[in-house]
Amino acid sequence: MTILRRLVAVPAALVTLFALVGVARLIAPATGGVDRQPPGVDRQLDYLRAELDDGAGEDAQAMFPEGWFFAHALYGLARVETGLRRPPQERDEALREARWALARLESPAGTAPFSPDLTPAYGVFHAGWTNWLRGGVLALQPTSGRDPAEVRRFAETSATLAAAFDASATPYLAAYPGQAWPVDSTVAVASLRLHDHLLPPRFDRTTARWLDGVRQRLDPRTGLLPHRVDPGSGAPAEVARGTSQSVIQRFLPEIDPTFARDQYLRFRTGFVVSPLGLGPAVREYPRGLDGPGDVDSGPLPLGVSFSATVVTLGAAQVQGDDALAGALANYGELVGFPLDTPHTRRYAFGLLPIGDAFLAWSKTARPWVSAPADPPPATVDPWWRAPLVALLVLLAVLAWAPWLLLRRLSRRR
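Throughout, residues of each chain are indexed from 1 in the direction in which the sequence is written. Totals for whole chains, interfaces and linings use all residues, but because this is a predicted model, local features are given only for residues with pLDDT of at least 70 and pairs of side-chain atoms are given and counted only at 80 or more. Only hydrogens and water are set aside when side-chain values are computed; all heavy atoms of the structure are taken into account.

Here's the deal with the overall build of the protein chain
Helix numbers and strand numbers start at the N terminus; a helix is a DSSP run of H or I with at least 4 residues, a strand a run of E with at least 2. A tally of regular secondary structure across the protein chain gives 17 helices and 6 strands. Two things to know: the radius of gyration comes from C-alpha atoms, and the globule rule equals 2.2 Å times the number of residues to the power 0.38. Computed over C-alpha atoms, the radius of gyration of the protein chain comes to 23 Å, within 12% of the 22 Å expected from 2.2 N^0.38 for 413 residues, which places it in the range of a compact globule. Only protein chains enter the accessibility calculation, which uses a 1.4 Å probe; a residue whose area is less than 20% of its type maximum is buried, one above 50% is exposed, and one in between is partly exposed. In the protein chain, buried positions account for 55% of the 413 residues. Summarising the internal contacts of the protein chain: among those between residues at least 6 apart in sequence, 71% fall at separations of at least 24. We get accessible surface area from the Shrake-Rupley algorithm with a probe of 1.4 Å; when it comes to residues, only the shown protein chains can shield them. Accessible surface, the protein chain as shown: approximately 18100 Å² in total, 61% of it carbon and sulfur. Any two residues whose heavy atoms approach within 4.5 Å at even a single point are treated as in contact.

Next comes the structure, spelled out in C-alpha cells:
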C-alpha cells in the first residue's frame, strides 16, 4: 500500500505543480506596455530566427497564402518594436535583423504569391506591410545617420503607394486580382503616415481623402470597416470580422487617433467576450452572428478566433487599454504553454512558430507615429482571474483524492 501511495503521489505532485505554475502565469505581468520590454520576448525572437533559418516560413506558407510573408514580416516588425524601446546606441541587433527580414520580403520568395500586374505591383497587401517595415528600419536609425539609399527607397515606394490611392475610385486597393480587403489598405496608409512622421510630409491630402472614403463605406451592421469589399466600388461585401479588425485597430490610431478610438470602442463592444466566464477572448463574427472559420481565423470554438485574440492584444496596447492587453497576455501565458530554455522561449510546445511571430509582434506593440493614447474606460472585470484560479486550485485538490483515499484505507487496515 505504501508503494502504491507513492506511485499515486507522483502524478498528483505534477498536477499540483502545473496548477501552481498556472496561477503564477495568470498573475505575473506578461507584457510591458508601450515602454518596457515584454518578459521573455528577446528569447522568443531568438527562437523565431532559428526557426526561420530552419524553414518555418515554408511551413507557414503551406498553411495559408501569406504564411511565408507574415512569418518574416512579423519577425522583422517585432525586432523594430524591441529596438525602439532601447537607446539609439543599443539598436544594432534590431536594425540588422529588421534589414534581414525586409530583404526577405523583397526577395523572389517574398513576392511569389502576389501578382506583379496589380497597382501597386504585387498588390496593396505586399506593398503596405513591406513599406511599414521599411519605415521601421529608418525609425531605428538616428535622423542624421540614416542610410541615404534606404531613405530614397522609402520615399519612392511611399510615393508609388500614394499615387495608387489617389488614382483609385475606392479607398481599398486590390491585394490579389479582383479581391480587396480594407485591412490591407489600412496598413498601407499607415505607412504613408509613417513617411510623413520620419521625412518631410507629402501625403496629408491622400490620407484625408482615404479617410473620407472609408467613412462612407462602413459595414452597416457594426459601423466598422468591413472585412471584404467590392474591388471596384469599395462597397462592403462581408461583415466586419475579428481577424481583420484586430489588425485594423492596431494601425488605425497611426492614421487618425480620434476616428480610431471610436472604431476601437465599437470593436471592443461587439467582439470582445468572456466565454464561459473564463477570461477575455475575441469573436470572429460580431455578437449575435455566427459563421464559418477559414485559414485566417482557424477553428472557432464558441465563436472565438485564437488568432484574432492574439492580435487584439497588440491593438489594445496601442490604444492604451492596458487592462485588456494585460488580461489577454496573462490568459495567453496560461493556455499557450510557454517553454523556456536559457536562450529561447516558444509557445504551444514550439509546434506553430507562426503563432509565436504573431504573439511577439502583439506583445511588443507601441505607436510609431501617434502619441501614446489615453486609456479608454476599462471593461475587464478586475476579478476575471478568480474562476480560473479556482479551477486550478480545484484541479490540484482533486489530484490528491486517490492518494488521500489510499491513505485512509491504509490507516483502517
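What follows continues from the structure just given.
A closer look at empty space enclosed by the protein
A pocket here means an open set of points on a 1 Å grid, computed over the protein atoms alone, that has protein on both sides within 12 Å along at least five of seven lines. A cavity is instead a set of points where a 1.4 Å probe fits but cannot get out; residues with an atom within 4 Å of a point line either one. Grid points are joined across faces, edges and corners, and a volume is the space filled by probe spheres set on the points. Counted according to the given criterion, the structure contains 2 cavities of 30 Å³ or more. Taken as a whole, the largest cavity holds about 50 Å³ of empty space. Every residue lining the largest cavity is listed: E81, W132, R250, F251, E254, V318, W361, R366 and W368. Sort the elements by how many residues they give to the lining of the largest cavity and helix α11 (residues 242-255) lands first, with 3 residues. Class assignment for the residues of the lining of the largest cavity results in 5 nonpolar, no polar and 4 charged. Approximately 30 Å³ is the volume attributed to the second largest cavity. Taken together, L48, L52, A56, A71, P353, I354 and A357 make up the lining of the second largest cavity. Put simply, the parts of the chain that give the lining of the second largest cavity at least two residues each are α2 (41-53) and α15 (353-363). Basically, the charged four are Asp, Glu, Lys and Arg, the nonpolar ten are Ala, Val, Leu, Ile, Met, Phe, Trp, Tyr, Cys and Pro, and anything else, Gly included, counts as polar. In the lining of the second largest cavity, the residues fall into 7 nonpolar, no polar and no charged.

What about unusual backbone geometry?
Most peptide bonds are trans, and most residues other than glycine sit at a negative phi. In this model, T119 is joined to P120 through a cis peptide bond whose omega is -5°. Position of P120 among the secondary structure elements: in the loop between α6 (108-111) and α7 (123-139). Even without a glycine there, the phi angle at F337 is positive, about 50°. Here the phi dihedral of F349 falls at roughly 60°; this positive angle occurs in a residue that is not glycine. Among the secondary structure elements, F349 is positioned in the loop between β6 (345-346) and α15. Residue F349 is classed as partly exposed on the basis of its relative accessible area of 48%.

Section: the environment of I255
Looking at the secondary structure, you find I255 in helix α11. A relative accessible area of 6% places I255 in the buried class. Separated by 92 residues in sequence, I255 and A163 have C-alpha atoms that sit 17 Å apart. What I255 contacts, discounting residues up to four positions off in sequence, is T186, V189, A190, R193, T207, W210 and L211.

With respect to the side chain of R134
Here R134 shows up in helix α7. Counting of polar contacts relies on pairs of N or O atoms within 3.5 Å, with two restrictions inside protein: one atom must be capable of donating a hydrogen and the other of accepting it, and residues adjacent in sequence are counted only when both atoms are side-chain atoms. Within polar-contact distance, the side chain of R134 engages the side chain of E106 at 2.5 Å. Here T157 takes part through its side chain, which lies 3.0 Å from a polar atom of the side chain of R134. The residues touching R134, leaving out its near neighbours within four places in the chain, are L102, E106, R153, F154 and T157.

Examining the UniProt feature "transmembrane region" (unreviewed entry) in the protein chain
UniProt positions are given in the numbering used here, feature names are shortened, and annotations may be inferred rather than shown by experiment. UniProt annotation of "transmembrane region" (unreviewed entry) refers to residues 383-406 when read in the numbering used here. Helix makes up 83% of residues 383-406 and strand 0%, whereas the separation of the span's terminal C-alpha atoms amounts to 37 Å.

As for the side chain of R85
In this structure, R85 sits in the loop between α4 (67-84) and α5 (92-105). For this count, His and the chain ends are skipped, Lys and Arg are scored as positive, and Asp and Glu as negative. Definition used for salt bridges: Asp or Glu carboxyl oxygen within 4 Å of a side-chain nitrogen of Lys or Arg. E81 provides the closest opposite charge to the buried, salt-bridge-free R85, at an N-O distance of 4.1 Å. There is a polar contact of 2.7 Å between the side chain of R85 and the backbone oxygen of T364. A polar contact of 3.3 Å, which involves the side chain of R85, links it to the backbone oxygen of A365. Contact partners of R85, with chain neighbours within four places excluded, come to G33, V34, D35, R36, Q37, Q317, K363, T364, A365 and R366.

Some points on the nonpolar core
To define a nonpolar core, start from buried Ala, Val, Leu, Ile, Met, Phe, Trp, Tyr and Cys residues and group those joined through side-chain atoms within 4.5 Å. Core analysis: the biggest nonpolar cluster contains 77 residues, and W129, F165 and W210 have the highest contact counts within it. The greatest single-element share of this core, amounting to 10 residues, is contributed by α4. The contact partners of F165, leaving out residues within four places of it in the chain, are V124, P171, L173, S185, A188, V189, L192, T206, R209 and W210. Within the second largest apolar cluster, 28 residues are counted, among which are V23, L224, A240 and A327.

Re the packing of α11 against helix α13 (residues 306-318)
Running from amino to carboxyl end, α11 crosses α13 at an angle of 15°, the nearest separation of the two axes being 8 Å. Taken together, the axes of α11 and α13 are roughly parallel relative to one another. At the point where α11 passes α13, the crossing takes the left-handed sense. Between α11 and α13, the residues in contact are G242, T243, S246, V247, Q249, R250 and P253 and S307, A308, V311, T312, G314, A315 and V318, respectively. Considered class by class, the residues forming the contact of α11 with α13 number 6 nonpolar, 7 polar and 1 charged. Angular values range over 0 to 180 degrees, each being the angle between N-to-C directions of two axes fitted as lines to C-alpha atoms, with helices fitted over their stretch in contact. For this classification, under 35 degrees means roughly parallel, over 145 means roughly antiparallel, 65 to 115 means roughly perpendicular, and everything else is oblique. For any helix crossing, the convention is left-handed if the near helix is rotated counterclockwise from the far helix by under a right angle, and right-handed if that rotation is clockwise.

Describing helix α8 (residues 148-167)
An α-helix turns once per 3.6 residues; consequently, residues spaced three or four apart project the same way. One fewer than the residue count of a helix, multiplied by 1.5 Å, yields its expected span. Here α8 is 20 residues long and its end C-alpha atoms lie 29 Å apart, about the 28 Å a rise of 1.5 Å per residue gives. Residues of α8 that are buried in the fold lie against α7, α9 (182-198) and α10 (204-215). Where α8 begins, one side-chain oxygen reaches toward the backbone nitrogen of A149, 2.8 Å away; that side chain belongs to D147.

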